[in-house]
Amino acid sequence: MFIFTKQMQCTKKMKKVVIVPFIAALLLGATSETYAEEAIGDSIEVSAQDMRQSFYLNIGYSFVTSKFYMPTNATGHPKQGLDWQAGYDWVSKKGYGFGLMYSGYKSSYNTDASYGRIKVKMLMTYIAPQFVMRHVFGRWELREHLGVGYFRYTESADDWDKGVVEASESLSGLGYNLMLGVGYRISKSTSIGADLGYIVSSLPEQDGVELADDEHSGISRIHLNIGMRWHF
């Protein structure tokens, strides 16, 4: 049945600490507003270096790049669907570390059977440890992820009229991923960003399915997501 795929209080001593650099900034031609902005920016950059753990949630669009066979009378776009992610990263002072990512994808298509209309739902689940690299440029952050883990593909057939699951089957195998992400700090502990990634799986061959010499049983997809990351 598978169809691939983040009040200041000034004492006399504190006043000197604040006033002296402020006067210096004025002498250099900086206004109080730009000085404050620079101070905040520097603070965020320092916190970005110190806060080396993060948790993220993303959602977006994914496109299946592998061949996907459907019944001749089927309608819909199963190769395009909703994609989502959740994960945790830890990085060292040198900018590399590890993490864990969960990624999901779902889509569907419709087809007709002798006993009525059928809606076939597809769900892809991927869980994998990640090798992570991070580069910080002021408020901006660039991350690369590379992982190998568990991939599961599930199809369920629902009776369109009754809304009852008639059948469900799954295949499990090995998957691997590559992801590039960019983020912008909106506070010391929060950033927004986007990522572009590629997930490939290798699944057991199915009985009755003949593959060409240059083909293998599995699903690959490209995803583009946006979301938030919390640093601590």
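Reading the values: the criteria
- Residues numbered from 1 in each chain as written.
- Predicted model: local features only at pLDDT ≥ 70, side-chain atom pairs only at ≥ 80, totals over all residues.
- Heavy atoms only, no water.
- Helix = DSSP H or I, 4+ residues; strand = E, 2+ residues; numbered from the N terminus.
- Buried < 20%, exposed > 50% of the residue type's maximum accessible area, 1.4 Å probe, protein only.
- Areas by Shrake-Rupley, 256 points an atom, 1.4 Å probe, with all protein chains shown as cover.
- Salt bridge = Lys/Arg side-chain N within 4 Å of Asp/Glu carboxyl O.
- Core = buried A, V, L, I, M, F, W, Y, C linked by side-chain atoms within 4.5 Å.
- Patch = residues over 30% accessible without salt bridge, like charges linked within 9 Å, V, L, I, M, F, W, Y side chains within 5 Å.
- pLDDT = per-residue confidence, 0-100.
- Contact = heavy atoms within 4.5 Å.

Some words on the overall build of the protein
- When helices and strands are tallied, the protein shows two helices and nine strands.
- Scanning the protein from its N terminus toward the C terminus, one meets helices and strands in the order α-α-β-β-β-β-β-β-β-β-β.
- Across the 232 residues in the protein, those meeting the buried criterion constitute 38%.
- Within the structure as shown, the protein displays about 13,700 Å² of accessible surface, and the carbon and sulfur contribution to it stands at 63%.

Here we look at the pattern of salt bridges
- Under the counting rule described, the total for this entry stands at five salt bridges.
- Between Arg221 and Asp83 there is a salt bridge; the shortest N-O distance is 3.0 Å. With Arg221 in strand β9 (residues 220-231) and Asp83 in strand β3 (residues 80-91), the pair connects residues that are 138 residues apart, well separated along the chain.
- Of the charged contacts, one joins Arg143 and Asp89 as a salt bridge, the two residues approaching to 3.2 Å between their closest N and O atoms. With Arg143 in strand β6 (residues 140-159) and Asp89 in strand β3, the pair connects residues that are 54 residues apart, well separated along the chain. Across the pair, Asp89 and Arg143 agree in class, each one buried.
- Each of Asp89, Arg134, Glu141, Arg143 and Arg229 takes part in salt bridges that share partners, so that together they form one network.

Quick notes on the nonpolar core
- Formed by 16 residues in total, the largest nonpolar core has its most connected members in Val64, Met124, Tyr126, Phe151, Tyr153, Leu203 and Ile219.
- Elements with a minimum of two residues in this core: β1 (53-64), β4 (96-113), β5 (116-137), β6 and β7 (165-185).
- Sorting elements by how many residues they give to this core places β5 first, with four residues.

Section: a nonpolar patch on the surface
- Judged by side-chain polarity, Phe55, Leu57, Ile186, Ile192, Met228, Trp230 and Phe232 come together as a nonpolar surface patch covering roughly 630 Å² of accessible area.
- Mapped by element, the contributors of at least two residues to the nonpolar patch are β1 and β9.
- By the element assignment, Ile186 lies in the loop between β7 and β8 (190-202).
- Residue classification places Ile186 among the partly exposed positions, given a relative accessible area of 46%.

Let's talk about the confidence of the model for the protein
- Confidence in the prediction for the protein averages 80 pLDDT; 69% of positions are at 70 or higher.
- Below pLDDT 50 for its whole length, residues 3-38 participates in 43 contacts with residues either more than four positions away or in separate chains.

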